[in-house]
Amino acid sequence: AQSVAQPEDQVNVAEGNPLTVKCTYSVSGNPYLFWYVQYPNRGLQFLLKYITGDNLVKGSYGFEAEFNKSQTSFHLKKPSALVSDSALYFCAVRPRGTGNQFYFGTGTSLTVIP
Amino acid sequence: DAMVIQNPRYQVTQFGKPVTLSCSQTLNHNVMYWYQQKSSQAPKLLFHYYDKDFNNEADTPDNFQSRRPNTSFCFLDIRSPGLGDAAMYLCATSSATGSHQPQHFGDGTRLSIL
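Residues numbered from 1 in each chain as written. Chains lettered and ligands numbered in written order. Predicted model: local features only at pLDDT ≥ 70, side-chain atom pairs only at ≥ 80, totals over all residues. Heavy atoms only, no water.

Section: the interface of chain B and chain A
Line of reasoning, step 1. With 30 residues of chain B at the interface, the matching set in chain A holds 25 residues.
Line of reasoning, step 2. Between chain B and chain A, a total of about 2000 Å² is buried, with carbon and sulfur atoms accounting for 50% of that surface.
Line of reasoning, step 3. Where chain B packs against chain A, one counts one salt bridge.
Line of reasoning, step 4. Ionic pairing is found between Arg42(A) and Asp107(B), a salt bridge with its closest N-O pair at 3.0 Å. (Contact = heavy atoms within 4.5 Å. Buried area = accessible area lost by both parts, 1.4 Å probe. Salt bridge = Lys/Arg side-chain N within 4 Å of Asp/Glu carboxyl O.)

Printed below as a string of structure tokens:
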């Protein structure tokens, strides 16, 4: 079965410190990988994606993510957290070539403490 | 700007009274999705359209129906809402099957049941 795991429901980090939000997946083939952010009472906003190539991808608002094929992980990172980064973050996976399904992780609530 | 628009943003209905939520898109995407999201959980896919082909998830209750009269519009009909149907409903679009392009989400409709 296809699955995406975000092992941490909640991540707290001090403003200015680096942050990491973890994601691992079990999806057949070499799927496309995505991160989304959701602010209260809003839809999900696309942050970044991994297609192929360089394992470190850069996205919106200073976020980046590191792909690790052997560990089937795609962790979201930011070198210096801002209070405005506090939100709900979802990892998502889409199989290549077939189907229209996106598989979502359970979400991680990030709180950046001033 | 190309986007996904959901109306209304907030909807209140009575127990058992049919309600329709609407979604429109200017992205000309083939695929449109409806998700149900409860209290900071991961979005749960109800169904999706690929062009006019309707794809229902196996665990979506019969109470939920959908219509897609053209590429731009998609509707979610809840025939007899129960208290458990109170949630945020998200519409999303994506381009063709297996693409590396991300989903684009509307800001959702928050449904309350009296």
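There is more to say after this.
Quick word on the sheet that holds strand β1 (residues 4–7) of chain B
All names here are of chain B.
Line of reasoning, step 1. Taken together, four strands build an open sheet; the order of strands is β1-β3-β8-β7 and the sheet is antiparallel. Looking at the sheet topology across the chains shown, the edges are occupied by β1 and β7 (64–67). Along the sheet, successive strands turn relative to each other by an average axial angle of 20°, direction set aside.
Line of reasoning, step 2. Direction of pairing for β1 relative to strand β3 (residues 19–25): antiparallel, over a ladder of four bridges. Note on β3: the bridge partner recorded for isoleucine 5 is serine 24. (Pairing = 2+ DSSP bridges. Helix = DSSP H or I, 4+ residues; strand = E, 2+ residues; numbered from the N terminus. Axes fitted to C-alpha atoms, helices over the stretch in contact; angles between N-to-C directions.)

Notes on unusual backbone geometry
Line of reasoning, step 1. Residue Pro8(B) is bonded to the preceding Asn7(B) through a cis peptide linkage, with omega at -10°.
Line of reasoning, step 2. Checked against the element boundaries, Pro8(B) lands in the loop between β1 and β2 (10–13).
Line of reasoning, step 3. One non-glycine residue, Asn41(A), lies in the positive phi region at around 60°.
Line of reasoning, step 4. Considering the arrangement of structural elements, one finds Asn41(A) in the loop between β5 (32–38) and β6 (44–50).
Line of reasoning, step 5. In this model, Asp51(B) sits at a positive phi of 55°, which is unusual for a non-glycine residue.

A closer look at the state of the cysteines
Line of reasoning, step 1. Throughout the structure, instances matching the rule amount to two disulfides over all chains.
Line of reasoning, step 2. One disulfide in the model links Cys23(A) with Cys91(A); its S-S distance is 2.0 Å. Note on the Cys23(A) and Cys91(A) pair: the S-S dihedral is about -65°, so by sign convention the disulfide is left-handed. Residue Cys23(A) is found in the loop between β3 (19–21) and β4 (24–26), and its partner Cys91(A) is found in strand β10 (residues 87–94); the two are separated by 68 residues along the sequence.
Line of reasoning, step 3. No disulfide involves Cys74(B); its sulfur sits 6.0 Å from that of Cys91(B), the nearest cysteine.
Line of reasoning, step 4. The class of Cys74(B) is buried, set by a relative accessible area of 0%. (Disulfide = S-S within 2.5 Å. Buried < 20%, exposed > 50% of the residue type's maximum accessible area, 1.4 Å probe, protein only.)

Here we look at the pattern of salt bridges
Line of reasoning, step 1. Across all of its chains, the model carries six salt bridges over all chains by this definition.
Line of reasoning, step 2. The partner of Lys78(A) in a salt bridge is Asp85(A), with the nearest N and O atoms 2.8 Å apart. Note on accessibility: Lys78(A) and Asp85(A) belong to one class, buried.
Line of reasoning, step 3. Here Asp59(B) ties to Lys44(B) by a salt bridge, and the two come within 3.3 Å at their closest N and O atoms. Taken together, the residues Asp59(B) in the loop between β6 (53–56) and β7 and Lys44(B) in strand β5 (residues 44–50) connect sequence positions 15 residues apart.

Quick word on the environment of Gly84(B)
Residues and elements named next belong to chain B.
Line of reasoning, step 1. Relative to the assigned elements, glycine 84 resides in the loop between β8 (73–78) and β9 (87–94).
Line of reasoning, step 2. Sequence separation between glycine 84 and isoleucine 113 is 29 residues, and the spatial gap between their C-alpha atoms is 8.5 Å.
Line of reasoning, step 3. With residues up to four places along the chain from it excluded, the contact list for glycine 84 reads Gln36 and Lys38.

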